[in-house]
Amino acid sequence: MKKLLSMVLAGVLLFVGVAIAQADATVTVSGDTAAGENQPGWLFNRDASTSTPFEFNTDEASIGFGSLYVEPIGATGADKFVGENFLLTPVADVNSVAYDFQIGSSGTAADANHFYMSVYANFGESDPLKFYDCRYNVVPVIGSTTDFTTVTFDITQPYSVTTRNTSPHTCPPVPADMGPDAFLRMFSLNVGDTSTSDQGLDGYLDNVVVNTNSEVTTYDFEPTPECKKGQWADFGFKNQGQCMRYLQTEKDSR
């Protein structure tokens with residue numbers, strides 16, 4: 001009996017250890033991480049014909065020491081920013097996707113709707129890599145030019161949804177109602193509305209949190225630190241060695 005109990009306890013501890021190991025992860029993002037469309041990771045401004053300039057800098061931060069800064073949008077109506085994450089995960093395995101945004105000095109709180117998320121999903125009978133059957137639109141109604149605002153996509157909540165004309169079904173407002181075999185291809189963070197009403201608008205994105213049944217992944221948008229000529233101090237490191245360790249291991253010991 002004691003031996004059996006010991007084996008059971010060992011199994012429980014092993015299970016707990018695995019669960020803790022899968023509980024969360026923080027990934028630093030300083031540029032494209034996907035090999036291409038429909039490959040896991042991030043692609044920024046993939047469509048160069050409509051892209052607006054952006055950079056990773058230290059002007060503002062929701063977490064870490066920096067964020068992704070979308071520079072003022074130009075006068076061409078099609079200009080906007082799009083950051084895509086190819087999640088490639090069954091809808092049933094996704095709990096939520098959240099991100100933080102801060103409106104830049106060129107905008108006002110009324111510009112919150114320009115910092116929106118689109119979620120692209122397919123029904124089970126469609127090719128999971130199809131552009132989309134259902135596009136869910138997650139549009140913030142409040143925002144700030146002085147602080148970051150968090151926006152959350154929850155698959156159990158209703159959203160404005162667009163049904164593509166090749167979809168086998170009409171898309172339900174609640175993503176979870178797409179069925180057990182539905183597939184979430186990707187989500188995108190967008191700044192700008194493809195019209196001239198966003199001209200001059202700028203802002204920041206950071207702290208993207210993807211919560212699935214297996215883990216919680218936080219994407220921390222950061223510039224790549226410069227560790228030479230005392231520049232390590234500009235990124236909050238105590239010394240050059242600490243900065244170099246961060247570059248080599250991606251472990252933040254500040």
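Residues numbered from 1 in each chain as written. Predicted model: local features only at pLDDT ≥ 70, side-chain atom pairs only at ≥ 80, totals over all residues. Heavy atoms only, no water.

**Concerning the pairing of strand 12 (residues 183–191)**
By the criterion of burial, strand 12 is predominantly enclosed, with nine of the nine residues buried. Taken together, the five bridges between strand 5 (residues 81–86) and strand 12 define a ladder with antiparallel strand orientation. Each bridged residue has a counterpart across the sheet, and for Asn85 the counterpart in strand 12 is Phe187. Two strands pair when backbone bridges link them, and strand 6 (residues 89–90) and strand 12 are joined in this way by two bridges, in the antiparallel orientation. Along strand 12, the bridge assignment pairs Pro90 with Phe183. Bridge count for strand 8 (residues 115–122) against strand 12 is eight bridges, and the pairing is antiparallel. Residue Ser118 lies in a different strand from strand 12, and its bridge partner there is Ser188. (Buried < 20%, exposed > 50% of the residue type's maximum accessible area, 1.4 Å probe, protein only. Helix = DSSP H or I, 4+ residues; strand = E, 2+ residues; numbered from the N terminus. Pairing = 2+ DSSP bridges.)

**Re the side chain of Glu84**
Of note, Glu84 is situated in strand 5. A polar side-chain atom of Glu84 sits 2.8 Å from a polar atom in the side chain of Arg46. For Glu84, the residues in contact, after removing those within four places along its chain, are Gly41, Trp42, Leu43, Arg46, Met186, Phe187 and Ser188. (Polar contact = N/O pair within 3.5 Å; in protein donor to acceptor, adjacent residues only side chain to side chain. Contact = heavy atoms within 4.5 Å.)

**Here's the deal with the packing of aromatic side chains**
The geometry of two aromatic rings is summed up by the distance between their centres and the angle between their planes. Following the criterion strictly, the structure yields 20 aromatic pairs and no others. On the numbers, 5.9 Å between centres and 80° between planes, the contact of Phe44 with Phe221 is edge-to-face. Of this pair, Phe44 sits in strand 2 (residues 41–44) while Phe221 sits in strand 14 (residues 216–221); the two residues are 177 residues apart in sequence, bridging distant segments of the chain. Their ring planes at 35° and their centres at 5.2 Å tell us that Phe153 and Tyr159 sit as a pair that is tilted. (Phe/Tyr/Trp six-rings, centres within 6.5 Å; stacked < 30°, edge-to-face > 60°.)

**Quick look at the pattern of salt bridges**
Enumeration according to the criterion identifies four salt bridges in this entry. Ionic contacts of the salt-bridge type, sharing partners, join the residues Glu37, Arg46, Glu84 and Arg185 into one network. (Salt bridge = Lys/Arg side-chain N within 4 Å of Asp/Glu carboxyl O.)

**Observations regarding the state of the cysteines**
Inspection of the entire model under this criterion finds one disulfide. Across a sulfur-sulfur distance of 2.0 Å, Cys134 and Cys171 are joined as a disulfide pair. Handedness of the Cys134-Cys171 disulfide follows from its S-S torsion of about -90°: it is left-handed. In this pair, Cys134 sits in strand 9 (residues 134–138) while Cys171 sits in the loop between strand 11 (160–163) and strand 12, placing the two residues 37 residues apart along the sequence. (Disulfide = S-S within 2.5 Å.)

**Section: the environment of Asp193**
Secondary-structure assignment places Asp193 in the loop between strand 12 and strand 13 (203–212). Spatially, the C-alpha atom of Asp193 lies 7.9 Å from that of Ala78, the residues being 115 residues apart in sequence. Setting aside residues up to four positions removed in sequence, Asp193 forms contacts with His114 and Asp198. Polar side-chain contacts of Asp193 include one of 2.8 Å to the side chain of Ser195.

**A word on the confidence of the model for the protein chain**
Summary statistics for the protein chain give a mean pLDDT of 89 and a share of 89% for residues scoring 70 or more. Taken as a whole, residues 1–21 scores under 50 in pLDDT and shows zero contacts with residues more than four places along the chain or in a different chain. (pLDDT = per-residue confidence, 0-100.)

**Comments concerning the nonpolar core**
One finds Trp42, Met117, Phe153, Phe187, Leu189, Leu205 and Phe221 to be the most contacted residues of the largest nonpolar core, which totals 41 residues. With five residues, the single largest contributor to this core is strand 7 (residues 94–103). Among residues more than four places away in sequence, those in contact with Met117 are Val97, Tyr99, Tyr136, Asn137, Val138, Phe153, Phe187, Ser188, Leu189 and Asn190. (Core = buried A, V, L, I, M, F, W, Y, C linked by side-chain atoms within 4.5 Å.)

**Some remarks on the pairing of strand 13**
Counting buried residues along strand 13, eight of its ten residues qualify, which places the element largely inside the surrounding structure. Where strand 4 (residues 67–70) and strand 13 come together, three bridges link them in antiparallel fashion. Paired with Tyr69 across the strands is Tyr204, a residue of strand 13. As paired strands, strand 7 and strand 13 are joined by eight bridges and run antiparallel to one another. Residue pairing in the sheet places Val94 in a bridge with Thr212 of strand 13. As defined by bridge partners, strand 13 adjoins strand 14 across four bridges and the pair is classed as antiparallel. Looking across to strand 14, one finds that Val209 is bridged to Thr218. Once strand 13 ends, the chain turns through three residues before running back antiparallel as strand 14.

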